[in-house]
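If you want the building blocks of each chain, they are given just below.
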Amino acid sequence: MSEAILRATGLRKEYGSTLALRGADLTVRTGEVVAIMGPSGSGKSTLLHCLAGVITPDQGEVRLDGVPLAGLNDRARSRLRRSSFGFVFQFGQLVPELPAIENIALPLLLAGSKRREAMSVARAWFPRLGLDGLEHRLPGQMSGGQSQRVAVARALAAGPRVVFADEPTGALDSLAGEQVMDLLIDAARTQGATVVLVTHEARVAAHADRTVIVRDGRVTAPVEA
Amino acid sequence: MSALRLGLRLAFAGGREGVARLALASFGVAIGVTLILMTLTAVPALEAREQRLAWHQTGQDSAPTAPDLMLWLAADDHVRGQDLLRVNLAPLGPRPPAIPGLDRLPGPGEVAVSPALRDLLATMPSEELGDRLGGRISMIIGERGLAHPDELVAVTGRTPEELRGFGGAVTVRGVHAAPGSFVVTGFLKILVIVVAIGLLVPVLVFVGTVTRLSAARREQRLAAIRLVGATRGQITLLAVAETAPAVLAGIVLGYLGYLLGRPVAARLVTFDGARFFAADVAVPAASLVLVLVGVPLLAAASTAASLRRAAVSPLGVTRRAPRRAPTPWRALPVAVGAVALAAAGLLRQSGWISQEGVVIQVLVGVSYLLILVGLVIAGPWLCRVIAQLISAATGHVTALLAARRLAADPYAAFRAISGVVLATFVTTMFAGVSGSAAQSPPQRAELRDGVVEIRTGGAARERIRESAARLADSPDARGVLAVHRSGGTVAIACADLARIVTLSCPAGVTSLAGRPPQALASVTKLVEPTEQTATWPISALYVQTATDEAAQERVRTQAALLLPGSRSATRGDLQAFDLRQLRELEGGLRIATLFVLFVAGCALTVAVVDGLLQRRRPFSLLRVCGVRLAELRAVVLLEAAGPIIAATAGAAILGLCASYLLSRIAGAVWSAPDPGYALALGSGVLAALAMIASVLPLLGKLTEPTATRFE
């Protein structure tokens, strides 16, 4: 069994009077695909964002490779998200003025790659995405499914160690959702990336190695896939 | 009515962000309304001055204004480079015409002066100024009798016998009341109107931009309301009602800004070397109503137009009608204009066409117009080309994001800065031309330094001869020359001519081009003096003095005492007049450029805020993905600052080229604009950038990862 890349213990997070997490524990192993499921308002997205260092829990800690994220300042966490993590959201993550190819190249350019290299890496994604010939389409000129595939490519283009996907198919029909999930899981496995995805759809969770259920702010029922 | 009510409710229903948006839009409209109203005061202020100047034109043909007649002798004089009007009058009955600003006419030996002249008199020895007025100061002329607060006027009361003895006095039946036709008519009026339109257009664009603030979010909201059955008409009404509170608040604030700005503008803005009375800086009632009604209509039209481009369907904003990308053909007019101007320069240099000819004037005029109009037409295409070049070449994310956004809508990118381009081009060109005019050596007939020209103003020959002799005895005079003139023929020896004007004694000179002394203007023939020419009237005396100003003022004062109707001038007065007009035009254009830069800064700031609100989600998600806030700030700053810097620099370069060509065409030596120009332009750009930078902290708040909604 591979080692744990992410380990969350005793996470507690309050938003005003709402307790989103109340002692959540979760361990994610390297290369694993973990689905987090649960009813609306159960705290699954909050858990994902704590794992990704987007928000800091009020109590408990998240460790990446054994290093606590709480010890990193905001700048260091931004650097970590940029270099080691990839993100796929439900919608609206692409920069509307950039064509698809430049949206995919964006994390590489941000990491300091030369433009030619970044564009070459981005271009190589298109046959895999099934979007040949759409390199120069703007996000507004593509369908929701096409945009999400571009978003998946962008999340994986810089070779992240962990991909966090928050309801990646929430805004898509079932066929487009399947295509996006196939792409995400296939690309992540090829690159050896770990995937943590939040979903409320069982057919999406079915792509995962393991599914955990979050209820009332706690991880209550780990389910082996 | 329900749509109207709902719209008003929505305007206030957006929480803190909604209130901030409302405040920003109100503030923007307020600035726009203030600027529009201040711009519209230009023509009325000049017309008011024209009206105030009317009584200066009093003459024999003035319409009767009183039962009794009056003797009138007015003389345009100068002191220390400023204009001074001296009026001598003598009533010929108990009810003579009245002068504006005076309760009664000054009696014999009494002098009424303007407040500015009173102050000046206190600082100068009487032999340099006070003695010129010929009496005791007993009255101050009120505001109604002055063209502007700095005007130098003296009205001296005389007995009729005394005044008749001076020669040149006329009998008047009334004081002139109709405005003269020398200030705001013809070309100047057209110029003022063109400049006013040039200033108004960016302001109107700005008001339009402000009222469309957060249009994308509004469209989403309206789509939701369409879903529950609202018609297109109701949606339009709703959108208009939603913007109404901001617009109405902006109008009230803008009007207050105008009321506060009037005295400031009156103090700061000068025309013909003089400030304005605050009462004259006022928008006529009709224009005021037009603005106060027109701005809400403009806002409503702008809101409705933005909805028309984005078809709001019940399922969301389904399509945004794209505008055709600008094509290279747009560069044609500006290219033709530039080539025509260059061709005019070449043709002039090669001697194919003359400097004074109609051909060159038409060629220069047409090419200038083509460049101006062409810049506006070519602007969006240039924006797109530059943005595309940058996005193709850059490997830097901030430059890439900024360039792509500019290329996505070059029309919007250029709209905010079109005024800057025009104002900078025109200002730079004038700065170059006036700099060249100031630097160019005198090539034409001008008075020599130290020479005082005294036009005799209709005095009798004997009195003039006597005055010339008295002036020659003055310790300040080094020589006095009397010039005889008959019609267009002036009798003057070559050597004498060379002593008073900056000309050697060219053989065959028949007339003096350029700006000769006023008594030698419109000369058609110069002849050597003979016994016969000595019998002609003496048109002017030329007194050579030391070149110090005090000596010249003493000579002028003495001349005014000897010949009260005489008009005196020095080279400095004439040059000051020419340069003042050029400098003032340049100064006015500089103010206009700063104004336009300010408006552009406002427009870009609003566009930045709007862009931030529109792109809140992608920007927030980019931050979640690890993009640093500083990088996002750089993107936003570059998007807004890039065009304004590029446009100002490009227009300045083009303006310099045009000024160089115009100087060559005019046969002048080109010289770079003075540092004040660069300072003004640089400060304007920096102020605009500071305005844009002031909203950048908002970016951090809007894209805070912890406050981002991911679903």
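Residues numbered from 1 in each chain as written. Chains lettered and ligands numbered in written order. Predicted model: local features only at pLDDT ≥ 70, side-chain atom pairs only at ≥ 80, totals over all residues. Heavy atoms only, no water.

1. Focus: the overall build of chain A
Logical step 1: Across its full length, chain A carries seven helices and eleven strands.
Logical step 2: For chain A, the proportion of its 225 residues judged to be buried stands at 56%.
Logical step 3: Nonlocal contacts in chain A, meaning residues at least 24 apart in sequence, comprise 69% of its contacts between residues at least 6 apart.
Logical step 4: Only carbon and sulfur atoms are counted for the fraction: they give 48% of the accessible area of chain A, which is about 9,200 Å². (Helix = DSSP H or I, 4+ residues; strand = E, 2+ residues; numbered from the N terminus. Buried < 20%, exposed > 50% of the residue type's maximum accessible area, 1.4 Å probe, protein only. Contact = heavy atoms within 4.5 Å. Areas by Shrake-Rupley, 256 points an atom, 1.4 Å probe, with all protein chains shown as cover.)

2. Description of the overall build of chain B
Logical step 1: What chain B contains, in helices and strands, is 22 helices and 14 strands.
Logical step 2: Residue burial in chain B is summarised as follows: out of 711 residues, 50% are buried.
Logical step 3: Partitioning the contacts of chain B with sequence separation of at least 6, the portion at a separation of at least 24 is 83%.
Logical step 4: In the structure as shown, chain B presents an accessible area of about 31,200 Å², 64% of it carried by carbon and sulfur atoms.

3. Focus: the pairing of strand E2 (residues 18–29) of chain A
Residue and element names in this part refer to chain A.
Logical step 1: The pairing of strand E1 (residues 4–15) with E2 spans nine bridges and is classified as antiparallel. Paired with Ala-8 across the strands is Leu-26, a residue of E2.
Logical step 2: Where E1 hands over to E2, the hairpin turn is made up of two residues, of which Gly-16 adopts a positive phi near 65°. (Pairing = 2+ DSSP bridges.)

4. Brief notes about the environment of B:Gly273
Logical step 1: Topologically, B:Gly273 is positioned in the loop between helix H8 (232–268) and helix H9 (285–309).
Logical step 2: Along the backbone, B:Gly273 and B:His148 are 125 residues apart, and their C-alpha atoms lie at a distance of 9.8 Å.

5. Section: the pattern of salt bridges
Logical step 1: Summed over all chains, the structure comprises 29 salt bridges over all chains.
Logical step 2: Between B:Glu631 and A:Arg82 there is a salt bridge whose closest N-O contact spans 2.9 Å. Taken together, the residues span two chains, with B:Glu631 in helix H20 (residues 629–665) and A:Arg82 in helix H2 (residues 74–84).
Logical step 3: Residue B:Glu631 is classed as buried on the basis of its relative accessible area of 15%.
Logical step 4: Among the ionic pairs, B:Asp476 bridges to B:Arg554, the shortest N-O distance being 2.8 Å. Linking B:Asp476 in the loop between helix H15 (461–473) and strand E10 (477–486) with B:Arg554 in helix H17 (residues 549–562), this pair joins segments that are 78 residues apart in sequence.
Logical step 5: With a relative accessible area of 16%, B:Asp476 lands in the buried category.
Logical step 6: Residues joined in a network through salt bridges with shared partners are B:Asp77, B:Arg86, B:Arg132, B:Glu553 and B:Arg556. (Salt bridge = Lys/Arg side-chain N within 4 Å of Asp/Glu carboxyl O.)

6. With respect to the side chain of B:Ser367
Logical step 1: Examined against the element boundaries, B:Ser367 turns out to sit in helix H11 (residues 358–393).
Logical step 2: The contacts of B:Ser367, once residues within four sequence positions are left out, are B:Gly337, B:Ala340 and B:Leu341.

7. Side note on the interface of chain A and chain B
Logical step 1: Counting residues at the interface gives 26 residues for chain A, matched by 27 residues for chain B.
Logical step 2: The contact between chain A and chain B buries some 2,500 Å² in all, and 64% of this surface belongs to carbon and sulfur atoms.
Logical step 3: Looking only at chain A, the three residues that lose the most surface to chain B are A:Arg82, A:Glu97 and A:Arg115, adding up to 24% of its buried area.
Logical step 4: On the surface where chain A and chain B come into contact, there are three salt bridges.
Logical step 5: Taken together, the links from chain A to chain B amount to eight residue pairs in polar contact (both at pLDDT 80 or more). (Buried area = accessible area lost by both parts, 1.4 Å probe. Polar contact = N/O pair within 3.5 Å; in protein donor to acceptor, adjacent residues only side chain to side chain.)

8. Brief notes about the packing of aromatic side chains
Aromatic ring pairs are defined here through the distance separating the ring centres and the angle between the ring planes.
Logical step 1: The tally for this structure, following the rule as stated, stands at seven aromatic pairs over all chains.
Logical step 2: Aromatic pair A:Phe85 and A:Phe164: ring centres 5.0 Å apart, planes at 80°, arrangement edge-to-face. You can see A:Phe85 sitting in strand E6 (residues 85–88) and its partner A:Phe164 sitting in strand E7 (residues 162–166), a full 79 residues away along the chain.
Logical step 3: Under the relative-accessibility criterion, A:Phe85 is labelled buried at 4%.
Logical step 4: Aromatic side chains A:Phe87 and A:Phe164 sit 5.7 Å apart centroid to centroid with 25° between the ring planes, which places their arrangement in the stacked category. Placement of the pair is A:Phe87 in strand E6 and A:Phe164 in strand E7, with a sequence separation of 77 residues.
Logical step 5: Overall, the relative accessible area of 5% leaves A:Phe87 in the buried class.
Logical step 6: Using a relative accessible area of 1% as the deciding quantity, one classes A:Phe164 as buried.
Logical step 7: Among the aromatic residues, those joined into a cluster by ring pairs are A:Phe85, A:Phe87, A:Phe89 and A:Phe164.
Logical step 8: Lying across the ring of B:Phe276, B:Arg49 places its NZ or CZ 4.2 Å from the centre. (Phe/Tyr/Trp six-rings, centres within 6.5 Å; stacked < 30°, edge-to-face > 60°. Lys NZ or Arg CZ within 6 Å of the ring centre and 35° of its normal.)

9. Some remarks on the sheet that holds strand E5 (residues 67–68) of chain A
Sheet strands pair by backbone hydrogen bonding; their relative direction is either parallel or antiparallel.
All names here are of chain A.
Logical step 1: The antiparallel open sheet is built from four strands, whose spatial order is E2-E1-E4-E5. A single partner strand is all that each edge strand has here, and the edge strands are E2 and E5.
Logical step 2: Against the sheet, helix H1 (residues 44–51) makes contact with E1, E2 and strand E4 (59–64), and its axis sits at roughly 55° relative to E2, the strand it touches most. (Axes fitted to C-alpha atoms, helices over the stretch in contact; angles between N-to-C directions.)

10. Brief notes about the sheet that holds strand E2 (residues 82–91) of chain B
Residue and element names in this part refer to chain B.
Logical step 1: The sheet built from six strands is open, its strands ordered E4-E3-E5-E2-E1-E6 with mixed pairing. Only two strands of the sheet have a single partner each, and these edge strands are strand E4 (136–140) and strand E6 (170–172). Mean inter-strand twist for the sheet, computed between neighbouring axes without regard to direction, equals 35°.
Logical step 2: Where strand E3 (residues 110–113) lies against strand E5 (residues 152–157), three bridges are found, and the strand directions are antiparallel.

11. Some remarks on the confidence of the model for chain B
Residues and elements named next belong to chain B.
Logical step 1: Summarising the model, chain B shows a mean pLDDT of 80, and 83% of its residues fall at 70 or more.
Logical step 2: Per-residue pLDDT stays below 50 along residues 181–187; that stretch engages in 13 contacts with residues further than four places along the chain or on separate chains.
Logical step 3: Two numbers describe this predicted complex: its pTM, 0.63, and its ipTM, 0.77. (pLDDT = per-residue confidence, 0-100.)

12. Concerning the side chain of B:Thr243
Residue and element names in this part refer to chain B.
Logical step 1: Along the chain, the position of Thr-243 falls in helix H8.
Logical step 2: Given a relative accessible area of 9%, Thr-243 falls into the buried group.
Logical step 3: Within the structure, Thr-243 has its side chain in polar contact with the backbone oxygen of Val-240 (distance 2.8 Å).

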